[in-house]
Amino acid sequence: MHTVRRLVFYSWPLPYTLTGIAIGLLLCGRFRNVDGVIEIHGPVVANVLRRLYVPAMAMTLGHVVFGQSEEALELTREHERVHVRQYERWGLLFVPTYLSLSILLYLRGRDGYRENPFEVEAYAIDRTWQRR
Ligand SMILES: [Zn+2]
C-alpha cells in the first residue's frame, strides 16, 4: 500500500517534474537526488532564479527543486519540501491554483506572494526564515 501511495504522489505532478528535468538540462544544471527529490543548481540556473518576477533562492516544480547554489538549496530545503508535498496533494492543479490565488490577492491590493496560502504554509514550517 505504501508503494502504491508513493507511486500516486510521484505520478500526479509528473508533468511538472519532467518539465523541471528538461529545464534543468537546458540550463546545464548539476543534478542531485536528495531524499527522492531532484535538486538542480548551477550558474545559469542562478541567473534565471535572480531574474524571476519574484527573485528566488530556490523554486520547486513537481519533484524538482532549482537552487541558486548548493548552499541555497540547503537553506531553503524545508520550505521547498513543503511545496513538493503541495504538488503531491494538488498535482496538475497546483500551478493554476497557486497563480489564481496570487492574482486574486494582487487584484485586492494584497501581497500575491507572501499572502498566498501555499506560501503561508511553507513559511510556517520554514525555520530558516523564522531565524532571520
Ligand atoms: Zn515558497
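Residues numbered from 1 in each chain as written. Predicted model: local features only at pLDDT ≥ 70, side-chain atom pairs only at ≥ 80, totals over all residues. Heavy atoms only, no water.

Draft legend 1. Examining the pattern of salt bridges more closely. The tally for this structure, following the rule as stated, stands at seven salt bridges. Arg6 is paired through a salt bridge with Glu88; the nearest N and O atoms lie 3.4 Å apart. Taken together, the positions of Arg6 in helix α1 (residues 2-11) and Glu88 in helix α5 (residues 77-90) put the pair 82 residues apart, joining distant regions of the chain. The exposure class of Glu88 is buried, given its relative accessible area of 9%. (Salt bridge = Lys/Arg side-chain N within 4 Å of Asp/Glu carboxyl O. Helix = DSSP H or I, 4+ residues; strand = E, 2+ residues; numbered from the N terminus. Buried < 20%, exposed > 50% of the residue type's maximum accessible area, 1.4 Å probe, protein only.)

Draft legend 2. Focus on the coordination of the zinc ion. Donor atoms from the polypeptide that bind the zinc ion are His79 (NE2), His83 (NE2), Glu119 (OE) and Glu119 (OE), placed at 2.0 to 2.7 Å. Classification of the site at the zinc ion rests on its four donor atoms, whose angles at the metal span 53 to 150°, yielding the label irregular. Counting along the primary sequence, the residues that act as donors to the zinc ion give the motif H-x3-H-x35-E. Separated by 36 residues along the polypeptide, His83 in helix α5 and Glu119 in helix α7 (residues 117-125) bring together distant segments of the chain. The class of Glu119 is buried, set by a relative accessible area of 4%. (Donors = N, O, S within 2.8 Å, 3.2 Å for Na, K, Ca; no water. Tetrahedral: all angles 85-135°; square planar, octahedral: opposite > 155°, others 65-115°.)

Draft legend 3. Region of the structure containing helix α6 (residues 94-107). Counted at 1.5 Å a residue, the expected span for α6 with its 14 residues is 20 Å, and the 20 Å between its end C-alpha atoms agrees. Restricting attention to buried positions, one finds in α6 the residues Phe94, Tyr98, Ser102 and Leu105. Looking down the long axis of α6, one finds its buried residues gathered within 65° of arc, a one-sided arrangement. Of the exposed residues in α6, those oriented more than 90 degrees away from the buried face are Ile103, Leu104 and Leu107. Tucked into the core, α6 has its buried residues touching α5 and α7. The first or second residue beyond α6 is Gly109, which carries a positive phi of 75°. (Expected span 1.5 Å × (residues − 1). Arc of directions from axis to C-beta. Contact = heavy atoms within 4.5 Å.)

Draft legend 4. A look at the packing of α5 against α7. The interhelical angle for the contact between α5 and α7, taken along N-to-C directions, is 140°, at an axis separation of 8 Å. It follows that α5 is oblique to α7 by the angle criterion. For the element pair α5 and α7, the recorded crossing hand is right-handed. Seen from α5, the contacting residues are Glu78, His79, Val82, His83, Gln86, Arg89 and Trp90; seen from α7, they are Phe118, Glu119, Glu121, Ala122, Tyr123 and Ile125. A per-class count over the contact of α5 with α7 returns six nonpolar, three polar and four charged. (Axes fitted to C-alpha atoms, helices over the stretch in contact; angles between N-to-C directions. Parallel < 35°, antiparallel > 145°, perpendicular 65-115°, else oblique. Left-handed = near helix turned anticlockwise from the far one by under 90°. Nonpolar A, V, L, I, M, F, W, Y, C, P; charged D, E, K, R; others polar.)

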